[in-house]
Amino acid sequence: MHHLAIFASGTGSNATKIVDYFKNHQEIKVSLIVSNKTNAPVLEMAKANNIPTLVINRDRFYNTEDILKKIHIYRVDFIVLAGFLLLVPKYLIRNFPNRIVNIHPALLPKYGGKGMYGMNVHKAVKAANEKESGITIHLVNEKYDEGKILFQESCEIIPSDSPEMIAQKVLQLEHQHYSKVIENILTKEAQLKN
Ligand code: GAR
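Because the structure is a prediction, the values reported are computed rather than measured.

Asks: I tried to follow the sheet that holds strand S3 (residues 53–55) on my own but got confused; where do I start?
Replies: Working definition: the strands of a sheet are paired by backbone hydrogen bonds and lie parallel or antiparallel to each other. Pairing is mixed across the open sheet formed by seven strands, whose spatial order is S3-S2-S1-S4-S5-S6-S7. Each of the sheet's edge strands pairs with one partner strand only, and the pair in question is S3 and strand S7 (149–156). Averaged over all pairs of adjacent strands, the angle between their axes in this sheet comes to 20 degrees, without regard to strand direction. The pairing of strand S2 (residues 28–35) with S3 spans three bridges and is classified as parallel. The residue bridging Ile 33 from the neighbouring strand is Thr 53, located in S3.

What follows is the structure in structure tokens.
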């Protein structure tokens, strides 16, 4: 059984989809939800689904490795970032090599990097008159949004689309694909080992 930890800072609509998708799954379980915000709605969702939660303090996250102990208690072997806005510290990446994925609401390498999250991304896409946007699912390394790209899907943007409408289109793609991509990574890996 794979044990996932989902890291999320806010609403957690992706986290909710992932939790629903893996309910009753034979091989993959969401075992922990981590947030850096005490009042993040994603924590309510976790409680409603009887999933353990962990609220992290920014300073402790960067200056200690305490979180590793907690993560090991839940036997987490794969970390999913879903709207998690802090840069993942090096020790966590070292302990989970190629085991952390992120979803970004644009077609990387465009519109990535520090400060490029949520509506900032969609406003920039709109300002540049892009004809398309989309989602990128990638491995996490020590720099924002620069890890190996695993999956991308695009959507069309028409001139009348507002940044909010672009956000809607992109979020829909995220909900459609993120869980399946995670499932693919983990099940393909199992096949390679056999
Ligand atoms: C998602 O669109 C995700 O791609 C984005 O935050 C949103 C979270 O929504 N992440 C980033 O911008 C990371 N740079 P959610 O909380 O409803 O899942």
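Asks: Please clarify how the side chain of His 3 should be interpreted in this entry.
Replies: By the secondary structure assignment, His 3 is in strand S1 (residues 2–7). For His 3, a relative accessible area of 11% puts it in the buried group. In this structure, His 3 is in contact with Lys 29, Ser 31, Tyr 74, Arg 75, Val 76, Asp 77 and Phe 78, ignoring residues within four places of it in sequence.

Asks: Would you mind showing me how to read the pairing of S2 here?
Replies: The side chains of a regular strand alternate, residue by residue, between the two faces of the sheet. Within S2, seven of the eight residues are buried, which leaves the element mostly enclosed by the surrounding structure. Relative to S2, S1 is paired through six bridges, and the arrangement is parallel. By the bridge assignment for S2, Phe 7 is matched with Val 34. Once the chain exits S1 it traverses helix H1 (residues 13–22) before rejoining the sheet at S2, and the crossover so formed is right-handed. For the crossover that starts at S2, traverses helix H2 (residues 41–48) and ends in the parallel S3, the hand is right-handed.

Asks: Could you clarify how one ought to interpret the environment of Glu 164 in this entry?
Replies: By secondary structure assignment, the location of Glu 164 is in helix H7 (residues 163–193). Glu 164 gets classed as partly exposed once you look at its relative accessible area, which sits at 47%.

Asks: Explain the pattern of salt bridges here, please?
Replies: Where side chains of opposite charge bring their charged atoms close, a pairing between them can arise. All chains considered together, the criterion is met by five salt bridges. For Arg 60, the salt bridge identified is with Asp 66, shortest N-O distance 3.2 Å. Taking the relative accessible area as the measure of exposure, Asp 66 reaches 28% and is therefore partly exposed. For Asp 66, the salt bridge identified is with Lys 69, shortest N-O distance 3.8 Å. Taken together, the positions of Asp 66 and Lys 69, both in helix H4 (residues 66–73) and three residues apart, correspond to about one turn of that helix.

Asks: Honestly, the packing of aromatic side chains in this entry has me stumped. Any pointers?
Replies: Aromatic rings considered in pairs are described by the distance between their centres and by the relative angle of their planes. Counted by the stated rule, this structure contains four aromatic pairs. Between Phe 7 and Phe 84, the ring centres sit 5.2 Å apart and the planes meet at 85 degrees, which makes this aromatic pair edge-to-face. Remark: Phe 84 occurs in the loop between strand S4 (78–81) and helix H5 (90–95) and Phe 7 occurs in strand S1; sequence separation between them is 77 residues. What makes Phe 7 buried here is its relative accessible area of 0%. By relative accessible area, Phe 84 is classed as buried at 7%. What links up through ring pairs into an aromatic cluster is the set Phe 7, Phe 61, Tyr 62 and Phe 84.

Asks: Would you explain the site of the ligand in this entry?
Replies: Around the ligand lies a shell of 13 residues, among which Gly 12, Ser 13, Asn 14, Gly 118 and Glu 174 are the nearest. The contact in question runs from a nitrogen atom of the ligand to an N or O atom on the backbone of Met 116, over 3.5 Å. Coverage of the ligand by the protein amounts to 87% of the 450 Å² it exposes when considered alone. Put simply, the ligand lies in the largest pocket.

Rules used in this analysis
Residues numbered from 1 in each chain as written. Predicted model: local features only at pLDDT ≥ 70, side-chain atom pairs only at ≥ 80, totals over all residues. Heavy atoms only, no water. Pairing = 2+ DSSP bridges. Helix = DSSP H or I, 4+ residues; strand = E, 2+ residues; numbered from the N terminus. Axes fitted to C-alpha atoms, helices over the stretch in contact; angles between N-to-C directions. Buried < 20%, exposed > 50% of the residue type's maximum accessible area, 1.4 Å probe, protein only. Contact = heavy atoms within 4.5 Å. Right-handed = clockwise from strand over helix to strand, strands pointing away. Salt bridge = Lys/Arg side-chain N within 4 Å of Asp/Glu carboxyl O. Phe/Tyr/Trp six-rings, centres within 6.5 Å; stacked < 30°, edge-to-face > 60°. Near = heavy atom within 4 Å. Polar contact = N/O pair within 3.5 Å; in protein donor to acceptor, adjacent residues only side chain to side chain. Areas by Shrake-Rupley, 256 points an atom, 1.4 Å probe, with all protein chains shown as cover. 1 Å grid on protein atoms, 1.4 Å probe; cavity = no way out; pocket = protein on both sides within 12 Å on 5 of 7 lines; lining within 4 Å. Sits in = over half its atoms within 2 Å of the grid points.

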